[in-house]
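Structural overview
The chain contents come next:
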Amino acid sequence: MSHPHPELTEPGKLPKGGLRVTPLGGLGEVGRNMTVFEYDGRLLIVDCGVLFPEEQQPGVDLILPDFGPIRDRLGDVEALVLTHGHEDHIGATPYLLRERQDIPLVGSELTLALLGSKLREHRLRETVQHKVREGDTISFGPFELEFVAVNHSIPDALAVAIRTGAGLVLHTGDFKMDQLPLDGRITDLRAFARLGEEGVDLFLTDSTNAEVPGFTTAEKKISPAIEQVFRESDQRIIVACFASHVHRVQQVLDSAVAHGRKVAYVGRSMVRNMQIASDLGYLHVPEDVIVDAKELAELPPEKVVMVSTGSQGEPMSALSRIANGTHNFVHIEPGDTVLLASSLIPGNENSVYRVINGLARLGANVVHKGNALVHVSGHASAGELLYCYNIVRPRNVMPVHGEVRHLLANGDLARQTGVESVVYAEDGVVVDLIDGKAEIAGKVECGYVFVDGTTVGDVTESELKDRRILGEEGFVSIIVVVDSVNGTVASGPEIHARGHAWPDNAFDPIKQPIVKAVNRAISEGATDTYQLQQAIRRTFGRWVSSTHRRRPMIIPVVIEA
Ligand SMILES: [Zn+2]
Ligand SMILES: [Zn+2]
């Protein structure tokens, strides 16, 4: 939805004592969540996430919220509150901090730890951080914040209550109401009720599953399916899930211990996040169960479990390389079991089924959402949302976190419980809370910001269209093998072009600069293959456009040996 509410114009001046809410991302799409609250000339931001590009957006690495509407006012920002550590909530933070590094960052221990590794990658060292937990209150300028525990598909998620002279706002963040979660940390409905008693003037609620009737299945309910895989498998088991799903990994660890198997993490983000989670005590790792992925070859197959990234079929991920037989040390043997313990995010269907087919062709037994209960959602379904509305009894509701159909379904639930005022806003639509009544006040210019390598915002929609056309004239794949032990390029780049005739040896002049760029990225602390791919794409992209006036699609492949 790039042009919601075409009739709306710039909002007028915010009346004194009013609270202005401007979503800059996350409303009208699932991803890049960011909402700005304004009171008395000061700003508070909740979340700052990314959206991952679709196949029709070639060469784009990430999509950010549009900081345009607040760019001139960054000095007025009191704090950035991060509700939890998912990419669609924290991923764009480094890009915002590049524009003002000392914006105070407020979040739970795990959220800030996951953000921390991202800030280091961006070499942002001078940040200001406030660690909070449920029950804490803390004030930033005119905004008095209170944090409430919520249950979600990552530990340590928080809802935030925001008190100003305009009234009380409650923002759920992403949440569900699993009553028997693995860590025992439930959504604190008692706090929701207490805030409701006080009088919630504006309630912003997670719309993701508003169309799904009933209640989201408990996380524990997937244990039998995982257990069955362990019981029935007499060869290797590979589990793929999101690198932030600590509780899913915990279930796998527990089953592995029960069945006498060792576990190795495959994929850098998995290794990094599970290290953070276990260091902070969110993941309980029994002694001697974790082994290095490279040691797996020495163990008998029935003693092995790999926990891998790539559950969405991401082409460069460990699981995709395993599925197409190009992973350097994991090779599927007939009879191995692969468990995809994750959702299927819309848009990823083709790549996920490509991976499943690849694995099946190699003889693996593939267990996934389509044939077993191996995944439950992290978001509240309609039944849970109804409960919340009845408990909180808010004056006004503003559905957030969803495509238009999700927002509408969520608003409809609120109305069914008797909420009279529901405001449907999309990105850029400004909502004012004045004298207890929330209303749309106008609209600010709010587009998509594309990150392409390290340039932010230089790629426009029309350029993307050019790329789609140019994409037809060809692409170039660049394969580099990196020695992961001493951290240098071991062989390559091998450069292959398709769809456009290049003269022999045309790529020779760029080979050495690519090697240099990769080595430099490693020595500067690049921690995952994705960053190395970006370095390759950047180096080759600049050269091919300045020397040959071409924009082929560039597909960098980094293989760790
Ligand atoms: Zn989330
Ligand atoms: Zn989210």
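Provided above is the structure to which this section pertains.
Attention in this report is confined to the structure presented alongside it.

Conventions and cut-offs
Here the residue numbering is sequential within each chain, running from 1 through the sequence in written order. Here every chain gets a letter starting at A, and every ligand a number starting at 1, in the order they are written. Side-chain atom pairs in this predicted model are given and counted only at pLDDT of 80 or more, local residue features only at pLDDT of at least 70, and totals for whole chains, interfaces and linings cover all residues. The basis for every side-chain value is the complete set of non-hydrogen atoms in the structure, without hydrogens or water. Strands pair, by our definition, only if DSSP identifies at least two bridges between them. Helix and strand assignments follow DSSP, with helices taken as H or I runs no shorter than four residues and strands as E runs no shorter than two, numbered in order from the N terminus. Structural elements are reduced to axes, namely lines fitted to C-alpha atoms, with helices fitted over the stretch in contact, and the angle between N-to-C directions of any two is expressed from 0 to 180 degrees. Should any heavy atoms of two residues lie within 4.5 Å, those residues are counted as being in contact. When two rings of Phe, Tyr or Trp (its six-membered ring) have centres within 6.5 Å they constitute a pair, described as stacked for plane angles under 30 degrees, edge-to-face for angles over 60, and tilted for the intermediate range. The method works on a 1 Å grid over the protein atoms by themselves. A cavity is a set of points holding a 1.4 Å probe that cannot get out, a pocket is an open set with protein on both sides within 12 Å along at least five of seven lines, and residues with an atom within 4 Å of a point line them. Grid points are joined across faces, edges and corners, and a volume is the space filled by probe spheres set on the points. Basic side-chain nitrogens of Lys or Arg form a salt bridge, by our definition, when they fall within 4 Å of a carboxyl oxygen of Asp or Glu. Sites may look incomplete, because water is not among the atoms used; the donor set itself consists of N, O and S atoms within 2.8 Å of the metal (3.2 Å for Na, K and Ca). Here's how the labels work: a residue is buried when its accessible area is under 20% of the maximum for its type, exposed when over 50%, partly exposed in between, all with a 1.4 Å probe on protein chains only. In this description, a nonpolar core means a group of buried Ala, Val, Leu, Ile, Met, Phe, Trp, Tyr and Cys residues linked to one another through side-chain atoms lying within 4.5 Å. Irregular is the default label, applied whenever a site is not tetrahedral (four donors, all angles between 85 and 135 degrees) and neither square planar nor octahedral (four or six donors, opposite donors over 155 degrees apart, all other angles between 65 and 115). The charged-residue count follows a simple rule in which Lys and Arg add positive charge and Asp and Glu add negative charge, with His and chain termini not counted at all. Whenever two N or O atoms come within 3.5 Å, that pair is a polar contact, provided that in protein one can donate a hydrogen and the other can accept it, and provided that, for residues adjacent in sequence, both atoms are side-chain atoms. Any angle that is under 35 degrees is reported as roughly parallel, and any over 145 degrees as roughly antiparallel; angles of 65 to 115 degrees are reported as roughly perpendicular and all others as oblique. Two helices cross in a left-handed way if the nearer one is turned anticlockwise from the farther one by less than a right angle. They cross in a right-handed way if the turn is clockwise. Side-chain classes follow a simple rule in which Ala, Val, Leu, Ile, Met, Phe, Trp, Tyr, Cys and Pro form the nonpolar group, Asp, Glu, Lys and Arg form the charged group, and the remainder, Gly included, forms the polar group.

In this section: the sheet that holds strand β16 (residues 337–340). Taken in spatial order, the five strands line up as β14-β15-β13-β16-β17 in an open sheet, and their pairing is parallel. With one partner strand each, in any of the chains shown, β14 (262–266) and β17 (365–367) form the two edges of the open sheet. In this sheet, neighbouring strand axes are inclined to one another by 20 degrees on average, regardless of whether the strands run parallel or antiparallel. Sheet topology note: the β16/β17 ladder contains three bridges and is parallel. Bridge pairing in β17 links T337 to N365. Along the sheet face, helix α7 (residues 268–279) touches β14 and β15 (304–308) and points at about 120 degrees away from the line of β14.

Right, let's talk about the environment of V150 for a bit. Assignment of secondary structure puts V150 in strand β9 (residues 143–150). Through-space distance from the C-alpha of V150 to that of Q129 is 21 Å; in sequence the pair is 21 residues apart. Once you skip the residues sitting within four places of it in the chain, V150 turns out to touch A157, L158, A159, T172, D174, F175, R185, T187 and F192.

A few words now on the packing of aromatic side chains. Taken as a whole and assessed by the stated rule, the structure comprises seven aromatic pairs. One aromatic cluster is present, formed by F175, F192, F203 and Y389 through successive ring pairs.

What follows is about empty space enclosed by the protein. Under the definition given, this model contains four cavities of 30 Å³ or more. If you add up the space inside the largest cavity, you get close to 80 Å³.

For the rest of this paragraph, the subject is the pattern of salt bridges. Where charged atoms from two side chains of opposite charge come close, those side chains can pair. The full count for this structure, using the stated rule, is 25 salt bridges. With a shortest N-O distance of 3.5 Å, R42 and D76 are connected by a salt bridge. Highlighted residues: R42 in strand β3 (residues 42–46) and D76 in the loop between β4 (62–64) and β5 (77–81), separated in sequence by 34 residues. Salt-bridge contacts for R395 lead to D201; the nearest nitrogen and oxygen are separated by 2.2 Å.

Right, let's get into the side chain of S233. The residue S233 is located in the loop between α5 (223–232) and β13 (237–240) in this model. Ignoring anything within four residues of it in the chain, the contact list for S233 reads R261 and T337.

Ligation of the zinc ion (ligand 2) by protein atoms is provided by D88 (OD), H89 (NE2), D174 (OD) and H401 (NE2), these donors lying 2.1 to 2.2 Å from the ion. In primary sequence terms, the donor set of the zinc ion (ligand 2) follows D-H-x84-D-x226-H. Metal-to-metal, the separation of the zinc ion (ligand 2) and the zinc ion (ligand 1) is 3.3 Å; D174 coordinates the two. Neither residue differs from the other here; D88 and H89 are each classed as buried.

The next point concerns the nonpolar core. In this structure, L96, V249 and Y265 are the most contacted members of the largest nonpolar core, which totals 62 residues. Setting aside residues no more than four positions away along its own chain, V249 makes contact with C241, Y265, M270, M274, L283 and V307. In terms of nonpolar packing, the next biggest core, distinct from the first, is built from 31 residues, V132, V160, L204 and V423 among them.

Our focus in this paragraph is the coordination of the zinc ion (ligand 1). Only H84 (NE2), H86 (ND1), H152 (NE2) and D174 (OD) from the protein coordinate the zinc ion (ligand 1), and they sit 2.1 to 2.4 Å from it. Of note is the zinc ion (ligand 1), whose four donor atoms meet at the metal with angles of 89 to 167 degrees in an arrangement that counts as irregular. Site description for the zinc ion (ligand 1): donor spacing in sequence, H-x1-H-x65-H-x21-D.

Right, let's get into unusual backbone geometry. The phi torsion of most residues other than glycine is negative, and most of the peptide bonds are trans. The omega torsion of the bond from G492 to P493 falls at 0 degrees, within 30 degrees of zero and hence cis. You can see P493 is positioned in strand β25 (residues 488–498). The backbone phi angle of D47 is positive, close to 65 degrees, even though this residue is not glycine. By secondary structure assignment, the location of D47 is in the loop between β3 and β4.

Bringing the environment of V374 into the picture now. Secondary-structure assignment places V374 in the loop between β17 and α10 (382–392). Each C-alpha atom of the pair V374 and G214 lies 19 Å from the other, and the pair is 160 residues apart in sequence.

Turning our eyes to something else, we now look at the side chain of R261. By secondary structure assignment, the location of R261 is in the loop between α6 (246–258) and β14. Put simply, R261 is tucked away with no salt bridge, and the nearest opposite charge, on D234, sits 6.7 Å away. Within the local environment of R261, its side chain forms a polar contact with the backbone oxygen of Q235, the two atoms lying 2.8 Å apart.

Looking now at the packing of α5 against α6. For the pair α5 and α6, the least separation of the axes is 10 Å and the interaxial angle reads 40 degrees. Compared by their axis directions, α5 and α6 come out oblique. The hand of the α5/α6 crossing is right-handed. Residues S223, I226, E227 and F230 of α5 touch α6, and the partners they reach there are Q251, V252, S255 and A256. Tallied by class, residues from the contact of α5 with α6 come to four nonpolar, three polar and one charged.

The next point concerns the packing of α10 against helix α11 (residues 404–416). α11 packs onto α10 with a crossing angle of 45 degrees between their chain directions and a minimal axis gap of 9 Å. Taken together, α10 and α11 sit at an angle that is classed as oblique. Regarding α10 and α11, the two cross each other, and that crossing is right-handed. Within the contact between the two elements, α10 uses A382, L385, L386 and Y389 and α11 uses N410, L413 and A414. By residue class, the composition of the contact of α10 with α11 is six nonpolar, one polar and no charged.

What follows deals with the sheet that holds strand β19 (residues 421–422). Taken in spatial order, the seven strands make up an open sheet running β8-β9-β10-β11-β12-β18-β19, and their pairing is mixed. Looking along the sheet, the strands with just one partner apiece sit at the ends: β8 (137–140) and β19. Pairing analysis gives two bridges linking strand β18 (residues 396–400) to β19, with the strands arranged parallel. Its bridge partner lying in β19, V397 is registered against V422. The sheet contacts of α10 involve β11 (167–171), β12 (202–206) and β18, and relative to β12 the element is tilted by about 165 degrees. The strands that α11 touches are β12, β18 and β19; relative to β18, the one it contacts most, it runs at about 155 degrees.

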